[in-house]
Amino acid sequence: MDVISLIGMISILTAGVTISIGSIGCALGEGKAVASSLTAIAQQPDESGTISRTLFVGLAMIESTAIYCLVVAMILIFANPFWNYALSR
Amino acid sequence: MEFMDLADITPDAVIFWQMGWIKLNLTIVFTWITMGILLAVSLLATRRIRPGKDLSPWQNFLEAVIEIASNQIEDISQQRAGKYLDFIGTLFLFIAVSNLFAVIPGYVPPTGSLATTSALALCVFVAVPVYGIVTEGLVQYLKLYSSPTLFMLPFNIVSEFTRTLALAVRLFGNIMSANKIAAILMAVIPLVFPVFMHLLELLTGFIQAYIFAVLAMVYITSATRVQYELGEG
């Protein structure tokens, strides 16, 4: 097996693993956050404005880990530096 | 009229116009277009501005936007919105307009490039100490870095940089991935389904603009309420 097919294979495999593990963790965290904020809104409906704003900010924070994984996966597939290096050689 | 290929990950790499060593990439062109639209709408709407009940629709719309923005800022910061409204409102309007226009065919959102989002995040990075020092004074502001104990000093300094990076990458990742997913779906299932993805893109784009503005405001708030943060107020 030559170098370029090895690079392509490992890149695609790693991109899949990256996005799957990243989204599992992020989904668990977001689910927990939404569930507890729903409980909080059910207990204190008057505070729903503050709670949902904090929820959005928190979700953005949690989601950013999954977004990092997505960016890494996208780079591995679309803009892989090693791939370009192997092509140029 | 599509400017970007599926393989182009950012609009930075696509050259729109070139003369000698002067290159204009898509990011710059569409940032200028967005700025032009924002400027033209505000100029046209505020040309015949007047008090009273007899408002033009555009004045009414812009007043509603400003009112919502200043209410949100006051809710988050527990301070008068006045001095924050310009900065936060500008960030929000620019990001929201460029994300929402992404559904127009041919428009390439400049927020889908890491260069634009880094520039916006750097603005926040500079604005936080500026607002902090202006409201609280240099000594009080520097005290914030050693709170709650001196042991936390390196962590506070590192977090200043990592949160700037997170701001930039979050916005870039969301917008870029929304565009890519829309483009991939357009190639796979071109009938009806992309419409729903575009709807989702509108929602995420707007939420991301809101989140960027709220996070910027939260960071500024934590720097301008040092007394409160240190538990002295």
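Each value, and the rule that gives it
Residues numbered from 1 in each chain as written. Chains lettered and ligands numbered in written order. Predicted model: local features only at pLDDT ≥ 70, side-chain atom pairs only at ≥ 80, totals over all residues. UniProt positions renumbered as here; feature names shortened; annotations may be inferred. Helix = DSSP H or I, 4+ residues; strand = E, 2+ residues; numbered from the N terminus. Axes fitted to C-alpha atoms, helices over the stretch in contact; angles between N-to-C directions. Left-handed = near helix turned anticlockwise from the far one by under 90°. Contact = placed C-beta atoms within 7 Å. Nonpolar A, V, L, I, M, F, W, Y, C, P; charged D, E, K, R; others polar.

- Identification of chain B as ATP synthase subunit a 1 from anaerobic digester metagenome is taken from an unreviewed UniProt entry.
- As its UniProt record puts it under Sequence similarities (unreviewed entry), chain B is described as follows: "Belongs to the ATPase A chain family."
- UniProt lists a comment for chain B under the heading Subcellular location (unreviewed entry), and it reads "Membrane".

- Under an unreviewed UniProt entry, the name given to chain A is ATP synthase subunit c 2, and the source organism is anaerobic digester metagenome.
- Turning to chain A, the UniProt record has this under Sequence similarities (unreviewed entry): "Belongs to the ATPase C chain family."
- A UniProt comment under Subcellular location (unreviewed entry) is attached to chain A, and it reads "Membrane".

Some points on the UniProt feature "transmembrane region" (unreviewed entry) in chain A
All names here are of chain A.
Part 1: Mapped onto this numbering, the UniProt entry annotates "transmembrane region" (unreviewed entry) at residues 6-28 and 55-79.
Part 2: For residues 6-28, the helix share is 100%, the strand share is 0%, and the end-to-end C-alpha distance is 33 Å.
Part 3: Within residues 55-79, the helical portion is 96% and the strand portion 0%, while the C-alpha atoms at the span's ends are 34 Å from each other.

Observations regarding the UniProt feature "transmembrane region" (unreviewed entry) in chain B
Part 1: Per the UniProt annotation, the sites labelled "transmembrane region" (unreviewed entry) are residues 20-45, 87-108, 114-134, 181-200 and 206-226 of chain B.
Part 2: In residues 114-134 of chain B, helix accounts for 100% and strand for 0%; the two terminal C-alpha atoms are 30 Å from one another.

Quick look at the environment of B:Ile37
Part 1: Looking at the element boundaries, B:Ile37 is found in helix α1 (residues 26-46).
Part 2: In this structure the C-alpha to C-alpha distance between B:Ile37 and B:Val97, which are 60 residues apart in sequence, comes to 9.1 Å.

Things to note about the packing of helix α4 (residues 114-136) of chain B against helix α6 (residues 153-188) of chain B
Residues and elements named next belong to chain B.
Part 1: Here α4 crosses α6 at 145°, and the two axes come no closer than 8 Å. Crossing hand, α4 versus α6: right-handed. The residues of α6 that touch α4, namely those facing Leu 114, Thr 117, Ser 118, Ala 121, Leu 122, Val 124 and Phe 125, are Thr 164, Leu 167, Ala 168, Leu 171 and Phe 172.
Part 2: Class assignment of the residues belonging to the contact of α4 with α6 gives a composition of nine nonpolar, three polar and no charged.

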